[in-house]
Every structure is written in structure tokens, then in C-alpha cells.
Amino acid sequence: MDAQGRGQADDNNVDPADQWVLDPSTGNYELRLGPAGQAPARPADRKAPGRRAPGSPAGGGGDTDTRPLPTQRAGRKPEAAGAGTGGSGADGAAADGEGADGAGPDGAAAGGRAARRAGGRAATAAGTVGRRKRKPKKSGKKRALHWTAGVVGFVLVAGCGAAYIVYQQLDGNISKVDVGEENAAVTDGPVNLLIIGTDARDGKKGNEGYGDDGSVGHADTTILMHVSKDRSNATALSIPRDLVTDIPDCPTKQKDGSTKTVPGEHKVRFNTSLGQEGRDPGCTWRTVEKLTGVKVSHFMMADFNAVKELSNAVDGVEVCAGKDIDDPKSHLKLSAGRHVVKGEQALAFVRTRHSVGTGSDLSRIKLQQQFIGSLIRKLKSSAFGSPGKLLDIAQAATKALTVDTGIGSASKLLDFGNDLKKVDLNKITFATVPVLDNPRDKATVILDKAKAEPLFQMVQQDHTLSKDAAKGKSGAKPAPVKKAPPQLVRVDVTNGGGPFGSAQETVDWLQNTKAAKLSTNAGNASEKLAATRLEYAPNQADQAATLADWMGLPKSALKQSAQNAGPRVPMKLTLGKDFTAPGTPIEAPTETPAGVQHVNADDKDICAK
């Protein structure tokens, strides 16, 4: 017996709230779904030989079983074949009182009344056993309500099995590459997603007519998407494919399981970080880290089909042309104004460049940013309006993408996506890495360091480019902490990447300029750091606040331990590669550097010109 006395075996896993119950207003059994989402068998299917419902003729029935269930007591009406099975309400639950729930005296009384009513109806129905009782015609509103309830019930009941099948399906779609990094799909820190669009013509069907014939698949489009630690904002940095940069040595996994290191190169095009000499996405990953100083979390790589399939899955993406466009290279023809593009036309839009701007790759980047922003708006607004549409998008995305092993399954991708979707649309900012024309080669560009380095610092230190988001948590400084006087600041200084002699120079500055006599040169650090770090204990927070203020340290540089320190234990300041000189603030700017192109993803007024 179960907890409600229905005589069901414990191992049936049937929730006590799941019942086929009698609706006294219609005289029919209807399915009442409970939290478990699994319905027991219909009463007509539970046959108990040798028992009949009160008031029923002994030989009646034909194809109708008039015998009550083993758990029924007198008065429980059997269901005629083909009876309706809509959702039940309060009346249905009450009618089931004694016969199924056994819910105390009140329930027993209600059950008794229901039994007498049911018995009376059964007697009236004698001679018509096996014929479905005519039900009062429902209004259109009620029919719609029952239909909706039925659909929702079916989804709840079938959802678990279907979800498993869908996961298996989506897992089979996903391609992944082991790049030697397997970061968790979800983290409580910032996320840096590397998005790579390749110009490879081989691979999936549909790529043959695009890109350079024979191309090994270069990094044609690259975006570094930084999502803030508190998920309040995101920055998408487009990296020009023709940027001259350094590519580091890159270990790549071979088909036989071995690892081959592809030698690095100096002053070559960024797009050769993928494909050239057998480089895989991990090589682009390492090149971006070297260029920006930002630690990449995951990558997603897509080919030409991705744009076509995703734009089709969302029923088109709205774009804007500031003038008539007729590009013979991409085959894009658009009149001035707004258009909804998908499939081949969507791909032509993101590939065009000869009829917009200066005709360079930098002009094409603006089109790509416009398209992605519009796609995000579409996804956030209406594309997830139905399970079918969601599945279409999931199928299109997983078939088009290659990812790292850290997000290389449907479940990991779902967790990853659920984490990132917390960012508001108006807090996503697109920007392009600032560059200058290369005086040695007009076909390439070089980094504009004066603008790029502060921009990279903002990303490294989790500062937003969005003015609205800057008012939120990410760009805000921590609450003020009481500062210790200079004579109590005790710190060991090590050099972990700063200029030669930085540790001693910093100690001299602390002692002679700031009167911090308890500062000590601890030599070189055991590891090289990209960013300066100050480690301290909870009971040293006042000392850390003083030192951070002197040094201009960002909040990301402050690392507090869990345990308090002894009275003479010093803090540990490790000078990283971002350190230039004592007294020069390390903290990144809180506003986008002047001259850096940037737009918000929710800006609908951007038009290609």
C-alpha cells in the first residue's frame, strides 16, 4: 500500500497526486496530473474479475468493462470506452475523496456523496452500457482550455524521455577539438569566449561555393566575447584578420593521439593563426591571449553554413543598409533601408565589403557586428517562443559549431548558455581592436597601442564599455575600507614580470615616499604574472586598502585569503607584466578610450553605408 492507501506497490513510482478521477459534473473519468508528471493507468484498463459497479446489469457491456478497480469501494463509477480524459478540477478531486484518497472524515463524507451520485447515474444508464454518455457541449473557451491543459500535460509526462533523445541527438551534432585546455562550462568568474569564423570551403556540405579555393580555413572573423564576473555586461572585441601580430608556438593534437608543436611566427597576419601549418583553434586561442593579455575560457568555431542555418532557424534577421548595396563579390543586392535576410542572403551580408565603407575588412567588421547584434535581439525576443523553434535553433547551432572539450556536449553547452544569457541586451557592447595602416604593407594593419592597450586593460580588469552598465556592479569600486597608517603596512615585494629591478625600485619608493618602513624586497617571484597581484589576510584588509590606493591597484588584483595572518606576517605584492613604475596606477580606465569604435547590441539604428 502507498501512503494514501491506494494499494499500489511502492516500486511503481506513482505520485499520490496522479489519478484518473471522477468528474461529477460530467460523469467521466479525467486525468489529474501531479508533480511526478506520470499518470497511472486509466480505470478501464485496470480489470478486476468478478466485480461489478452497483446499479450495473449483470451481463452488460460488450466492449465496456463495468467492474470497479481493486482499490475502489462502492460508488466508484467505471469509465465507458472512449470517454474523454481532460484535466480535472476541484470537483474531480473531491469526488475521488473516499474511494481513492482516504483523506480523513471530510474526504470520506465527500467520497460517500460522490459514490451515491455515481451509483444513481450508473442505475439510470442501465441498458445503455457500452455507449458513451452525451456530454454537455463546452464553450469554445472551455475547449481551448482543455486542449491547452492536455498539451501541457503531455509535455510534462513525455518531457524526460524526449529531453534525453534530444540531448543524444544534439551531442551527435557537436564537433569538438582538444586544445589542451578543458575549463569548466560554468564558473563564478569572468568568461572569455573566443568566436572564430573560418573561410574553409571543405567540411560540411554547402561550403563549396565560398571562400578561397584551397584555403585550409583561416581565422576570417574573430571576436573575443568578455562576459563580466557578475554577468551584468559583456564586451565583444572584433580582431581584424589582417592585423600583423606574433603567433606563439602551438601544441596541436594529431589524429593518432600524439601532439605536434607548430612553431610560432613573428609579424604575420592574425588570420594565419588558424589553418596555416596545421594550426588548430587552440593556436588562435593562444594568439589572442598573447595579443590582449586576456585569458580565454572557451572557443566556438563556425563555417559559412552557420550564418545560413542560424538565420533560417530564427526566420530571418533584420539588417539596415544606409545606401543601395550591389557587391559583385558577395552577390549582395540590397536597396537602402531595412530588410530581413536569411540563408544565402544573410551570408552575403556578413561577407560583403566592396560596396560599403572603405571596402576593407574593417568595414565588413561593422556589418558583422550589426548582424550579430540583430541576431541576439531576435533570439532574446521571439525565437524562443515555442519548444519547436527552440529545438530548430539548437539543431542549427550544434550542427554549425566546433567547440572545445570544456563545452563539448549538449548538457555543457546548455549550462554555458544559461549562464551567459543573464546579460541584458543593452549591456552588450561591440568594439573593434584599434589599428593603424601598416606603412610597410598597405594590405595589412598594425596595432594602435595608444588606444588598444587601455582597451585591453578594461577587459582584463572586468571594466565595461557600456555607459549604462558602468553604473552597475561591474564598473563600481568596492565599498570603502578603513586604511591602515603607513607605519603599519607590512609587505614583501617580488618581481613577477615587471621591468628589471622593479621590486627594489618599488620598496625604495614605499619606504622613502610613503614612509612604509616595513616593506621588503623579496627578489624574483616563482612565476610570471600577466597582472600585478596583492595577497593578504582578512585581518590585513586595512593594510591592503592603503597599499592598493598608493599603487593604483584594480579590485581584480586584490586576493584575500580565508584565514587571518599572524601579527608579523607580511602581505605579498607580486609585480606583474602590467606594472610599469611605482606611483603609476595599474588600474584600467573606466571609460572607453577616445577613438575606439563601439556600439551597443540593442542599437537598432545602425545602417551599413
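Residues numbered from 1 in each chain as written. Predicted model: local features only at pLDDT ≥ 70, side-chain atom pairs only at ≥ 80, totals over all residues. Heavy atoms only, no water.

A. Summary view of the overall build of the chain. Scanning the chain from terminus to terminus reveals 13 helices and 25 strands. Taken across its 609 residues, the chain has 45% of its residues classed as buried. Taking contacts inside the chain between residues at least 6 apart in sequence as the whole, the part at least 24 apart equals 69%. Put simply, the chain shows about 30200 Å² of open surface, and 53% of that area lies on carbon and sulfur atoms. (Helix = DSSP H or I, 4+ residues; strand = E, 2+ residues; numbered from the N terminus. Buried < 20%, exposed > 50% of the residue type's maximum accessible area, 1.4 Å probe, protein only. Contact = heavy atoms within 4.5 Å. Areas by Shrake-Rupley, 256 points an atom, 1.4 Å probe, with all protein chains shown as cover.)

B. Here's a closer look at the pairing of strand β16 (residues 401–404). Inspection of the sheet shows strand β3 (residues 175–177) paired to β16 by three bridges, in the parallel sense. In the strand pairing of β16, Ser175 is matched with Thr402. Examined bridge by bridge, strand β11 (residues 298–302) and β16 share three bridges and lie antiparallel to one another. Across the sheet, residue Met300 finds its bridge partner in β16, namely Val403. (Pairing = 2+ DSSP bridges.)

C. Layout of the sheet that holds β16. What the eight strands build is an open sheet, ordered β3-β16-β11-β4-β5-β6-β17-β25; its pairing is mixed. Only two strands of the sheet have a single neighbouring strand rather than two, namely β3 and β25 (598–600). The sheet shows a mean angle of 20° between the axes of neighbouring strands, direction not considered. Contacts between helix α10 (residues 410–420) and the sheet are confined to β4 (191–198), β5 (219–227) and β11, with β4 contributing the most and set at about 115° to the helix. (Axes fitted to C-alpha atoms, helices over the stretch in contact; angles between N-to-C directions.)

D. Quick look at the environment of His266. On the secondary structure map, His266 appears in strand β10 (residues 265–269). Judged by relative accessible area, His266 falls into the exposed class, the value being 65%. Along the sequence, His266 and Thr245 sit 21 residues apart, while their C-alpha atoms lie 6.7 Å from each other. Sequence-distant contacts of His266, defined by excluding residues within four places in its chain, comprise Thr245 and Asp246.

E. Spatial organisation of the sheet that holds strand β24 (residues 571–575). Taken together, five strands build an open sheet; the order of strands is β21-β20-β24-β22-β23 and the sheet is mixed. Because the sheet does not close on itself, it has two edges, and the strands there are β21 (518–524) and β23 (558–560). Geometrically, the sheet is characterised by an average inter-axis angle of 20° between neighbouring strands, direction not taken into account. Here strand β20 (residues 490–495) runs beside β24; their pairing, made up of five bridges, is parallel. Looking across to β24, one finds that Asn495 is bridged to Leu575. Helix α13 (residues 541–551) rests against β20, β22 (533–536), β23 and β24 of the sheet, and its axis sits at about 25° to β24.

F. Fine view of the state of the cysteines. Inspection of the entire model under this criterion finds two disulfides. The disulfide partner of Cys250 is Cys283, and the gap between their sulfur atoms is 2.0 Å. On the sign convention where negative is left-handed, the bridge of Cys250 and Cys283, at about -85° about the S-S bond, is left-handed. In this pair, Cys250 sits in strand β8 (residues 250–253) while Cys283 sits in helix α5 (residues 281–292), placing the two residues 33 residues apart along the sequence. Side by side, Cys250 and Cys283 carry an identical accessibility label, which is buried. The side chain of Cys320 participates in a disulfide bridge whose partner is Cys607; the two sulfur atoms lie 1.8 Å from each other. Of note, the bridge from Cys320 to Cys607 carries an S-S torsion of about 70° and is right-handed in sense. Taken together, the positions of Cys320 in strand β12 (residues 317–321) and Cys607 in the segment after β25 put the pair 287 residues apart, joining distant regions of the chain. (Disulfide = S-S within 2.5 Å.)

G. Main features of the pattern of salt bridges. The tally for this structure, following the rule as stated, stands at 18 salt bridges. Across the pair Arg364 and Asp220 runs a salt bridge, and its minimum N-O distance is 3.8 Å. With a gap of 144 residues between them, Arg364 in helix α8 (residues 361–383) and Asp220 in strand β5 connect regions that are remote in the sequence. The exposure classification of Arg364 matches that of Asp220, with both residues buried. (Salt bridge = Lys/Arg side-chain N within 4 Å of Asp/Glu carboxyl O.)

H. Examining the side chain of Thr292 more closely. Summarising the element assignment, Thr292 is placed in helix α5. Owing to a relative accessible area of 2%, Thr292 belongs among the buried residues under this scheme. Of note is the side chain of Thr292, whose polar atom sits 3.1 Å from the backbone nitrogen of Val294. What Thr292 contacts, discounting residues up to four positions off in sequence, is Leu224, Phe456 and Gln460. (Polar contact = N/O pair within 3.5 Å; in protein donor to acceptor, adjacent residues only side chain to side chain.)

I. Representation of the packing of helix α12 (residues 502–513) against α13 within the structure. Their axes nearest at 12 Å, the elements α12 and α13 cross at an angle of 110°. One way to sum up the angle between α12 and α13 is to call them roughly perpendicular. In this structure, α12 contributes Thr506, Trp509 and Leu510 to the contact, and α13 contributes Leu547, Trp550 and Met551. (Parallel < 35°, antiparallel > 145°, perpendicular 65-115°, else oblique.)

J. Focus on the confidence of the model for the chain. Taken residue by residue, the chain gives an average pLDDT of 74. The fraction at 70 or more is 67%. Ignoring residues within four places in sequence, the model shows residues 29–133, a span with pLDDT below 50, making 188 contacts including any to other chains. Confidence drops under a pLDDT of 50 for residues 205–211, and excluding neighbours within four residues, the segment shows 21 contacts in the predicted structure. (pLDDT = per-residue confidence, 0-100.)

K. Expanded view of the environment of Asn564. Topologically, Asn564 is positioned in the loop between β23 and β24. When the C-alpha atoms of Asn564 and Gln540 are compared, they prove to be 7.8 Å apart, with 24 residues separating the residues in sequence. In this view, Asn564 contacts Ala537, Pro538 and Asn539; residues no more than four positions away in its chain are not counted. From its side chain, Asn564 meets the backbone nitrogen of Asn539 in a polar contact 3.1 Å long.

L. Fine view of the side chain of Ser238. Take Ser238: it is sitting in strand β6 (residues 234–239). Residue Ser238 is classed as buried on the basis of its relative accessible area, which comes to 3%. Within the local environment of Ser238, its side chain forms a polar contact with the side chain of Gln369, the two groups lying 3.1 Å apart. Those residues in contact with Ser238, other than ones at most four positions away along the chain, are Thr222, Ile223, Ile365, Gln369, Ala431, Thr432 and Val433.

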